[in-house]
Structure formats: C-alpha cells, structure tokens
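The lines below spell out each chain.
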Amino acid sequence: IHPADAVRAIAKVGGTKDVNIEKIRQLAPTHLIVNIDENEKPTVDALAAFIPNIIVTHPLAPRDNLALYALLGGIFAAEEKAQALCAAFEHAYAELTALPPRAPKTVLYCIWKDPWMTVSDDTYIAVMLAAIGWRQCVIPAAAAAVRYPQFTWTDALLRDIDTVLLSSEPYRFTGAHVAALEQQLGKPVQLVDGEMMSWYGSRAIHGLRYARQLAITSGD
C-alpha cells in the first residue's frame, strides 16, 4: 500500500490469506515472494505449480532485514539499492541502540480483540520491543509453538505487566479503545503504529526510527 501513488496502478491480487490464484496466473509472474507467517502453504504450493521462482522470507528480528535486502538485491539485479537500504538500516539501528539505558518495562502487545490476542516473545514485534528495553509479557497458558496466542484479562496477568500496547493493525485499535481499556484495567494503555513495529523490508528502517521516538517520548 506504500507509496500510494506508485502502487495505485499495480494489479491487486487479494490479501495474504485470500490470494486470487487465477488472477496471478493471468499475470504470468516469474517470481513469487512469500512469508512464512503471512502466506499459507497450500496457497504457495498452488502458485508454485506455475511460477518458476519462489522466494521464501521469514525475518524474526530487525537485523534479519540486512540479509533480506541483500537477497532481493541479488535476485533482481538491484545491488546498489540493497546496499543503500543496508546503510540506512545500520544508521537507524545505531541511533536506536545508542539510547541511554532505560528502566525495564513489561508490556502486553495486543493485535486483536474478540478474542484478545497477543504475540509470543520470539516474534519480530517482541524483538523490536526488546530493542527499547520493553519485555513482551509471556502468556503462561500458551503452547510454545503458538506465535500469536489468545488470552483473557486476569488479575495474575495484570500483575505481570506495566503497560498495555494496542496495535493499529491487524485489528484497527483506536484512541477510543485506549480510553475504554484504561478504565477497565486501571493500567496505562498506549496506541502504537502496527506497521512501524512489525513490517519488515524497507519499512523496517522507518520502524527503527519510530521505536526510538517511542522510547524517548514514553518517559521511562
């Protein structure tokens, strides 16, 4: 969806979970870029039947973007652009890690409601939070393999967290949700930009700058 002017004329082929396979077949692409978290394997298998080159991505931490830039730069003969992205990333990452030590804080990063869902502590989002000294709360009842566990608001859970973070995506949390949940829980609740905290690729550079500003303005 970014930048809007540049992508407006590009053919749309559905969402990550509802890909229009026939539309893609008509476009006859030579390469398919997929992500393990976002795209379902049966869909990828169906597309692989007629797309010759499949590129699988799975960044688990911000610095994984450096390898991703190099990979795509090599495949698509865009090495100079890849090197520029790497340089911009390293600059933003250095600025983020140069922040003075801050008081540790445990947060609960919410991505959905009805049911309420959060992220496990080994996700890209959790590593982004850790970069500014925020520890993502572990949901005790969640199985180790569940990357996006459901949870319920309990006294035990609330005792373990300092702040609740409501992401602007995939669920579109708003300021109204913040106000209502603060009243319900009696805990600080903060709205955060989900794109900045979870998007990899070139958007990750903006994400590092956002995380730095988030840490500065949070007043820890």
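Every value quoted in this text rests on a predicted model; they were computed, and no experiment measured them. (Residues numbered from 1 in each chain as written. Predicted model: local features only at pLDDT ≥ 70, side-chain atom pairs only at ≥ 80, totals over all residues. Heavy atoms only, no water.)

Draft legend 1. Quick look at the overall build of the chain. The helix and strand inventory of the chain stands at 10 helices and seven strands. In summary, the chain has a C-alpha radius of gyration of 19 Å against a globular reference of 17 Å for 220 residues, a match within 12%. C-alpha extents for the chain along the principal axes are approximately 55 × 40 × 35 Å. Looking at the chain as a whole, 35% of its 220 residues are labelled buried. Sequence-distant contacts in the chain: of pairs separated by 6 or more residues, those separated by 24 or more amount to 65%. (Helix = DSSP H or I, 4+ residues; strand = E, 2+ residues; numbered from the N terminus. Rg over C-alpha atoms; globule rule 2.2 N^0.38 Å. Buried < 20%, exposed > 50% of the residue type's maximum accessible area, 1.4 Å probe, protein only. Contact = heavy atoms within 4.5 Å.)

Draft legend 2. Looking closely at the side chain of E195. Within the secondary structure, E195 sits in helix α9 (residues 194-198). As a buried residue without a salt bridge, E195 has its nearest oppositely charged side chain in R203, at a separation of 4.3 Å. One polar contact links E195 to H2, side chain to side chain, over a distance of 2.9 Å. (Lys, Arg positive; Asp, Glu negative; His and termini not counted. Salt bridge = Lys/Arg side-chain N within 4 Å of Asp/Glu carboxyl O. Polar contact = N/O pair within 3.5 Å; in protein donor to acceptor, adjacent residues only side chain to side chain.)

Draft legend 3. Highlighting the pairing of strand β7 (residues 189-192). Note that strand β6 (residues 163-167) and β7 share four bridges and pair parallel. In the strand pairing of β7, L166 is matched with L191. (Pairing = 2+ DSSP bridges.)

Draft legend 4. Just helix α3 (residues 41-48), in detail. Taken residue by residue, α3 has T43, V44 and L47 as its buried positions. Projected onto a plane normal to the axis of α3, the buried residues spread over an arc of 100 degrees and lie on a single side. Turned more than 90 degrees off the buried face of α3, the exposed positions are K41 and P42. For α3, the secondary structure elements touched by its buried residues are α2 (21-27), β1 (31-35) and β2 (53-57). (Arc of directions from axis to C-beta.)

Draft legend 5. Structural detail: the nonpolar core. If you look at the biggest cluster of nonpolar residues, it comprises 27 residues, and the most contacted ones within it are Y69, F89, Y109, L129, I132, W134 and L165. For this core, the elements supplying multiple residues, two or more each, are α4 (64-75), α5 (79-97), β3 (105-112), α6 (124-131) and α10 (203-217). It is α10 that contributes the most residues to this core, six residues altogether. Setting aside chain neighbours within four positions, we find Y109 in contact with M117, T118, V119, I125, L129, Q136, L165, S167, V192, G194 and M197. Among the nonpolar cores identified, the runner-up in size contains 17 residues, and F151, F173, V178 and V189 belong to it. (Core = buried A, V, L, I, M, F, W, Y, C linked by side-chain atoms within 4.5 Å.)

Draft legend 6. Quick peek at α5. Taking 1.5 Å of rise per residue, the 19 residues of α5 would be expected to cover 27 Å, and the 27 Å separating its terminal C-alpha atoms lies within 8% of that figure. Those residues of α5 that fall on the buried side of the exposure criterion are A82, C86, F89, A92 and L96. Angular distribution of buried residues about the axis of α5 spans 135 degrees; they occupy a single face of the element. For α5, exposure combined with an orientation more than 90 degrees from the buried face picks out E80 and Q83. Buried residues in α5 make contact with α4, α6 and α10. (Expected span 1.5 Å × (residues − 1).)

Draft legend 7. Structural detail: the pattern of salt bridges. The tally for this structure, following the rule as stated, stands at eight salt bridges. In this structure, the salt-bridge partner of K17 is E38, at a minimum N-O distance of 3.8 Å. Of this pair, K17 sits in the loop between α1 (4-7) and α2 while E38 sits in the loop between β1 and α3, placing them 21 residues apart in sequence. The shortest N-O distance in the salt bridge between K113 and D114 comes to 3.0 Å. Three or more residues are tied together by salt bridges with common partners; here these are D37, D122 and R147.

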